[in-house]
Amino acid sequence: MEQLQAFQKQMPEFKQTMEDRLKQTKAYEFQFVVITRSTHPRNQYNYLVRSVLKLAVAVEQDPHVAMVVMNVGAEDTQSRRISELVPVKQVQEGRVENETMSHRKYLGKQLQDYATALGLCAESFAQYCCIPEDDVIVSSHLLFTLRILLARIRSKHGDMDRWGMLKMYYKEAWMGYATEVWYEPVVVGVGSGTATFLVCFLRTRRRDRVVVRTAFKALCLALPAGALCVLFSYLVGRPNLLQLRKAIPRLHAAVSPAPTAITAGILYPRGTARELREYMLDLLHNGSVLASDIAVGEYMTVRHLATYLAVPNLLDHIGFVSTNLMKVRSHKEHFGVWMP
């Protein structure tokens, strides 16, 4: 808990500042609602503390951002300590930590919790609502990159913001070369081959004045060079290559359509958040229980809303412990492409 104490010393007014922003009646840009559910297997890793402190540092200096933690489990030591530093909304009191429930009941609870988080967004004056889970670490340049991506999205949809969502995280292991990115190896091969051809041609041209012969020699080197670069990109893996773009916000892209799986961190326009909440409540009322990510994907499909994925990720998933099965998963599943 040394991190909490250091944060409290550096930014003692942060909680009051966030509460004032949440209460304001004038429009602001972003509202972050961090969903957490305390359980002993997960608390030992201090997911919530690490996630909230990183987000707090990222938004503290920006007057157009507010954040709140929504605890849908029992209040425990970790959530109480966090509540001293940031606003915490306790949704359900007295939940038994080791409560067992059927899979259907669990999905219904998950859907209800997500609808509640969307409700906090719908009631706010924020233009955009972001709902990250409590086991993700945000990028240091999160807000700057989001504004770049949103500007590109708005240029396609105008001022109405009638689009669905911007996903900020997708499993790196699922972001390899596939049919939808077939052009990337082509670009790598053609780009590297062309560069090799030009370098070889210009260097050889100084010694050999016969253009055809010089071009042929350069081409003989360019073709295998392009093939080797494509092979190298496959061996390294697309997820690893994408990581190289993380440090430069302007190299991020908003790829459409976004995959439906995973709700680790999604940004919605406020109007979409309001309508999605009603859709989820209707599902619960009609007894149609779905996983939250499937429900989100179904809503976007039914309403024909454009969806986007931030590439590379704006979040890192640090969760080793499943919130569903309450068991420790393989580190290979959640650590991203950089294996410890």
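Computed from a prediction, not measured in an experiment: that's the story for all the values here.

Draft legend 1. Representation of the overall build of the chain. Each helix and strand in the chain was counted, giving 13 helices and ten strands. By the burial criterion, 49% of the 340 residues in the chain qualify as buried. Excluding contacts between residues fewer than 6 apart, the proportion of contacts in the chain whose partners are at least 24 apart in sequence is 80%. Looking at the chain as shown, the accessible area adds up to about 17200 Å², and 58% of this sits on carbon and sulfur atoms.

Draft legend 2. Expanded view of the sheet that holds strand S1 (residues 28–36). Across the sheet, which stays open at both edges, the eight strands sit in the order S3-S2-S1-S4-S8-S6-S9-S7 with mixed pairing between neighbours. Sheet topology places strand S3 (88–90) and strand S7 (253–255) at the edges, where each strand pairs with a single neighbour. With direction set aside, neighbouring strand axes in the sheet form an average angle of 25°. As judged from the two bridges shared by strand S6 (residues 165–167) and strand S8 (residues 265–269), these two strands associate in the antiparallel manner.

Draft legend 3. The arrangement of helix H11 (residues 270–285) in detail. In a regular helix each residue adds 1.5 Å, so 16 residues correspond to 22 Å; H11 covers 23 Å between its end C-alpha atoms and thus fits that length. For H11, the full list of buried residues reads Thr-272, Ala-273, Leu-276, Tyr-279, Met-280 and Leu-283. Each buried residue of H11 sits inside an arc of 125° when the element is viewed along its axis, so together they form one side. Here the buried face of H11 lies against helix H6 (103–122), S8 and helix H12 (292–302). The positive-phi residue at the C-terminal boundary of H11 is Gly-287, with phi of around 80°.

Draft legend 4. The packing of aromatic side chains, seen in detail. Scanning all chains against the criterion turns up six aromatic pairs. For the ring pair Phe-30 and Phe-32, a centre distance of 6.4 Å and an interplane angle of 45° mean the geometry is tilted. There is no split in this pair, since Phe-30 and Phe-32 are both buried. Between Tyr-279 and Tyr-299, the ring centres sit 5.4 Å apart and the planes meet at 55°, which makes this aromatic pair tilted. In this pair, Tyr-279 is assigned in helix H11 and Tyr-299 in helix H12, connecting sequence segments 20 residues apart. Grouping residues by exposure puts Tyr-279 and Tyr-299 together as buried. Clustering of aromatic rings is evident, with ring pairs tying together Phe-30, Phe-32, Tyr-128, Trp-163 and Tyr-308.

Draft legend 5. The nonpolar core, seen in detail. Grouped together as the largest cluster of nonpolar side chains are 75 residues, with contacts concentrated most on Phe-32, Met-67, Leu-166 and Tyr-268. Beyond its immediate stretch of four places on either side in the chain, Tyr-268 contacts Tyr-114, Leu-118, Gln-127, Tyr-128, Cys-129, Ile-131, Gly-164, Met-165, Ala-273, Leu-276, Val-296 and Met-300.

Draft legend 6. Local environment of the pairing of strand S2 (residues 65–71). Across the seven residues of S2, seven count as buried, placing the element largely inside the fold. The alternating pattern of S2 places Val-65, Met-67, Val-69 and Asn-71 and Ala-66, Val-68 and Met-70 on opposite faces, both of which are buried. Where S1 meets S2, seven bridges bridge the pair, whose relative direction is parallel. Bridge pairing in S2 links Phe-32 to Met-67. Sheet topology note: the S2/S3 ladder contains three bridges and is parallel. Within the sheet, the bridge partner assigned to Met-70 lies in S3 and is Lys-89.

Here is what the cut-offs are and how they apply
- Residues numbered from 1 in each chain as written.
- Predicted model: local features only at pLDDT ≥ 70, side-chain atom pairs only at ≥ 80, totals over all residues.
- Heavy atoms only, no water.
- Helix = DSSP H or I, 4+ residues; strand = E, 2+ residues; numbered from the N terminus.
- Buried < 20%, exposed > 50% of the residue type's maximum accessible area, 1.4 Å probe, protein only.
- Contact = heavy atoms within 4.5 Å.
- Areas by Shrake-Rupley, 256 points an atom, 1.4 Å probe, with all protein chains shown as cover.
- Pairing = 2+ DSSP bridges.
- Axes fitted to C-alpha atoms, helices over the stretch in contact; angles between N-to-C directions.
- Expected span 1.5 Å × (residues − 1).
- Arc of directions from axis to C-beta.
- Phe/Tyr/Trp six-rings, centres within 6.5 Å; stacked < 30°, edge-to-face > 60°.
- Core = buried A, V, L, I, M, F, W, Y, C linked by side-chain atoms within 4.5 Å.

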